Amino acid sequence: MGLRFRSRAVWLFTLILVSGCSDAVQMTHETERGGVVTYIFKEDRGGPMGSPHRKAALKLIDEKCPSGYTVVRDGEMRGYGSMSSVEGQEGEVTGRRWGIQFRCK
């Protein structure tokens, strides 16, 4: 039980660290045996496969599934909107998110 608790504590700390710093990578759905992780990407900066946030998303999955995992599906998620306060770019900005649905082995 001690090892299981420690593993969950490490995973929780990592999740808080990743989500507390930014919304770039999120565990949007989670079950005991898997979930969905999403991350932001920009097409002009390498797209979803070249996004610097992909590595963090895969690390989050690795921590959730230490015995390995299977990707059930991945693809673009619904965009999100936010307001920009950058001069010359006022107004709504639409972001793009990529989702990875996975199942732990």
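Bear in mind that the values here come from a model prediction, so they are computed numbers and not experimental data.

Engineer: Any chance you could break down the state of the cysteines for me, citing the residues and the numbers?
Structural biologist: Scanning all chains against the criterion turns up one disulfide. Through a disulfide, C65 is tied to C104; the S-S separation comes to 1.9 Å. Of note, the bridge from C65 to C104 carries an S-S torsion of about -55° and is left-handed in sense. Separated by 39 residues along the polypeptide, C65 in the loop between α3 (52–64) and β3 (69–84) and C104 in strand β4 (residues 91–104) bring together distant segments of the chain. Both residues of the pair, C65 and C104, count as buried.

Engineer: Break down the environment of I61 for me, with residues and values.
Structural biologist: Mapped onto the fold, I61 is located in helix α3. The buried category is assigned to I61, whose relative accessible area is 0%. For the pair I61 and V71, spaced 10 residues apart in the sequence, the C-alpha separation amounts to 9.9 Å. Those residues in contact with I61 that lie beyond four places of it in its chain are V37, Y69, I100 and F102.

Engineer: Break down the nonpolar core for me, with residues and values.
Structural biologist: Of all hydrophobic cores here, the largest spans 14 residues; its most connected members are V25, V37, Y39 and F102. Every element with two or more residues in this core is listed here: β1 (25–31), β2 (34–41), α3 and β4. The element best represented in this core is β4, accounting for four residues.

Engineer: Talk me through α3; I want residue IDs and the actual numbers.
Structural biologist: Among the residues of α3, those classed as buried are R54, A57, L60, I61 and K64. End-on view of α3: buried residues confined to an arc of 120°, all on one side of the axis. Those residues of α3 that are exposed and angled more than 90 degrees off the buried face are P52, K55 and K59. For α3, the N-terminal capping position is held by S51, with its side-chain oxygen 3.1 Å away from the main-chain nitrogen of H53.

Engineer: Outline the pairing of β2, supporting the account with residue identities and numerical values.
Structural biologist: Most of β2 sits inside the fold, with seven of its eight residues counted as buried. Once β1 ends, the chain turns through two residues before running back antiparallel as β2.

Engineer: Tell me about the confidence of the model for the protein, and name the residues and values.
Structural biologist: Close inspection of predicted coordinates is inappropriate for parts of the model with low pLDDT. Looking at the protein as a whole, its pLDDT mean stands at 78, while 64% of the residues score no less than 70. At the level of individual helices and strands, the protein shows its lowest average pLDDT in helix α1 (residues 2–21), which scores 51, and its highest in α3, which scores 95. In this model residues 15–21 is a low-confidence stretch, pLDDT under 50, and it forms four contacts with partners more than four residues away in sequence or in other chains.

Engineer: Outline the pairing of β1, listing residues and values.
Structural biologist: Of the strand pairs in this sheet, β1 and β2 are connected by six bridges, and their pairing is antiparallel. Each bridged residue has a counterpart across the sheet, and for Q26 the counterpart in β2 is T38.

Rules of the game
Residues numbered from 1 in each chain as written. Predicted model: local features only at pLDDT ≥ 70, side-chain atom pairs only at ≥ 80, totals over all residues. Heavy atoms only, no water. Disulfide = S-S within 2.5 Å. Helix = DSSP H or I, 4+ residues; strand = E, 2+ residues; numbered from the N terminus. Buried < 20%, exposed > 50% of the residue type's maximum accessible area, 1.4 Å probe, protein only. Contact = heavy atoms within 4.5 Å. Core = buried A, V, L, I, M, F, W, Y, C linked by side-chain atoms within 4.5 Å. Arc of directions from axis to C-beta. Polar contact = N/O pair within 3.5 Å; in protein donor to acceptor, adjacent residues only side chain to side chain. Pairing = 2+ DSSP bridges. pLDDT = per-residue confidence, 0-100.

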